[in-house]
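Remarks on the overall topology
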Amino acid sequence: MKQLIETIVKPLVDHPGDVQVDKDEQHHRVTYKLSVNPEDMGKVIGKQGRVAKAIRTIVYSAAGSHHGKKVYLDIID
């Protein structure tokens, strides 16, 4: 799943080397924490959060059936 997130995000940003995805797994939930260069934050979030929402939709639909747990994607700087 980390690779999927990186594959989606890296073409969107100017600093693909700074893209990092960490996984935090708990009993009933899995949280992926996406970290990008501060200059690229706007590109990942998009106007009115549309890009972030699209990324989350893809990740949730792909990961929901894969993990059997609730999946979250946090975008942090």
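A brief structural summary. (Residues numbered from 1 in each chain as written. Predicted model: local features only at pLDDT ≥ 70, side-chain atom pairs only at ≥ 80, totals over all residues. Heavy atoms only, no water.)

**A short note on the overall build of the protein chain**
From N to C terminus, the protein chain includes three helices and three strands. Its C-alpha atoms give the protein chain a radius of gyration of 12 Å, within 12% of the compact-globule value 11 Å for 77 residues. A principal-axis box enclosing the C-alpha atoms of the protein chain has dimensions of 35 × 20 × 15 Å. Taking all 77 residues of the protein chain together, the buried fraction comes to 30%. Of the accessible surface of the protein chain, which amounts to about 4900 Å², a share of 49% is contributed by carbon and sulfur atoms. The averaged location of the 10 negative side-chain charges in the protein chain is 9 Å from the averaged location of its 12 positive side-chain charges. (Helix = DSSP H or I, 4+ residues; strand = E, 2+ residues; numbered from the N terminus. Rg over C-alpha atoms; globule rule 2.2 N^0.38 Å. Buried < 20%, exposed > 50% of the residue type's maximum accessible area, 1.4 Å probe, protein only. Areas by Shrake-Rupley, 256 points an atom, 1.4 Å probe, with all protein chains shown as cover. Lys, Arg positive; Asp, Glu negative; His and termini not counted. Charge placed at Lys NZ, Arg CZ, Asp CG, Glu CD.)

**So, the pattern of salt bridges**
Under the counting rule described, the total for this entry stands at three salt bridges. Residues Asp 14 and Lys 43 are paired through a salt bridge, measuring 2.4 Å at the closest nitrogen-oxygen approach. In this pair, Asp 14 sits in the loop between helix 1 (2-9) and strand 1 (20-25) while Lys 43 sits in helix 2 (residues 41-45), placing the two residues 29 residues apart along the sequence. In this structure, Lys 69 engages Glu 25 in a salt bridge whose closest nitrogen and oxygen atoms are separated by 2.8 Å. On the criterion of sequence distance, the pair formed by Lys 69 in the loop between helix 3 (50-67) and strand 3 (70-76) and Glu 25 in strand 1 is long-range, its members being 44 residues apart. Three or more residues are tied together by salt bridges with common partners; here these are Lys 23, Glu 25 and Lys 69. (Salt bridge = Lys/Arg side-chain N within 4 Å of Asp/Glu carboxyl O.)

**Some points on the nonpolar core**
Formed by 19 residues in total, the largest nonpolar core has its most connected members in Ile 5, Val 9, Leu 34 and Val 44. With four residues, the single largest contributor to this core is helix 3. (Core = buried A, V, L, I, M, F, W, Y, C linked by side-chain atoms within 4.5 Å.)

Remember, this is a structural readout, not a statement about activity or role.
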